[in-house]
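Summary of the model geometry
Each chain, letter by letter, is given below.
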Amino acid sequence: MNEFTVIGPLLGGALIGVGASLLLLFNGRVAGISGIVGGLLFRKPGDTAWRAAFVAGLLLGGLALVAAHPVAFPSAGGGGSLGLVIVAGLLVGWGARLGNGCTSGHGVCGLSRLSVRSLVATLTFIATAAITVYVSRHLLGGAR
């Protein structure tokens, strides 16, 4: 898997776009994952079933891909234990809730609606990620 191909990313992006569009079309909701998961944690009456189904679909889709194509998830990637990955994921989710949005809500759905707020948020996400990678790899001597 060292050769560059655009087919996988194009298919993945198309599936994300179709999923976000279908959720908006049939449920009138933006596919912001932090908001969907947050709604499961802080329940509103009658608002749990679609959220649980959406999150279950994300998890089951990931598990299906691991089972069907395990080389898509190389064990020598970014490193770290499963516990560290879980803690990192929870911190990202908490930060997304604090920032009132996430990359899926702003980057996928907000940009497609030409939202200036989403453009600023997405640029902030990208800049923060670039700085984090630079600091962790070059200043702190992390994995390359």
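Residues numbered from 1 in each chain as written. Predicted model: local features only at pLDDT ≥ 70, side-chain atom pairs only at ≥ 80, totals over all residues. Heavy atoms only, no water.

1. As for the overall build of the chain
Using the following cut-off: Comment: elements are numbered from the N terminus, with helices defined as DSSP H or I runs of at least four residues and strands as E runs of at least two. For every residue, the accessible area (1.4 Å probe, protein chains only) is compared with the maximum for its type, and the residue is labelled buried under 20%, exposed over 50%, or partly exposed between those bounds. Residues count as neighbours in contact if any of their non-hydrogen atoms are within 4.5 Å of one another. Here the open area of atoms and residues is found with the Shrake-Rupley method and a 1.4 Å probe, where only the protein chains shown may cover a residue.
Across its full length, the chain carries six helices and zero strands. Sequence-ordered secondary structure for the chain, helices as α and strands as β, is α-α-α-α-α-α. The 144 residues of the chain split such that 16% are buried. Sequence-distant contacts in the chain: of pairs separated by 6 or more residues, those separated by 24 or more amount to 37%. Entry remark: accessible area of the chain is about 10,600 Å², with carbon and sulfur atoms responsible for 73%.

2. Observations concerning the side chain of Asp-47
As a reminder, the rule being used: Whenever a nitrogen or oxygen atom comes within 3.5 Å of another N or O atom, the pair is scored as a polar contact, on the condition that within protein one atom can donate a hydrogen and the other can accept it, and that pairs from neighbouring residues in sequence are kept only if both atoms are in side chains.
For Asp-47, the location among the structural elements is in the loop between α2 (33–41) and α3 (49–68). Polar side-chain contacts of Asp-47 include one of 3.2 Å to the side chain of Arg-29. Here the side chain of Asp-47 touches Arg-51 through a polar contact of 2.8 Å, side chain to side chain.

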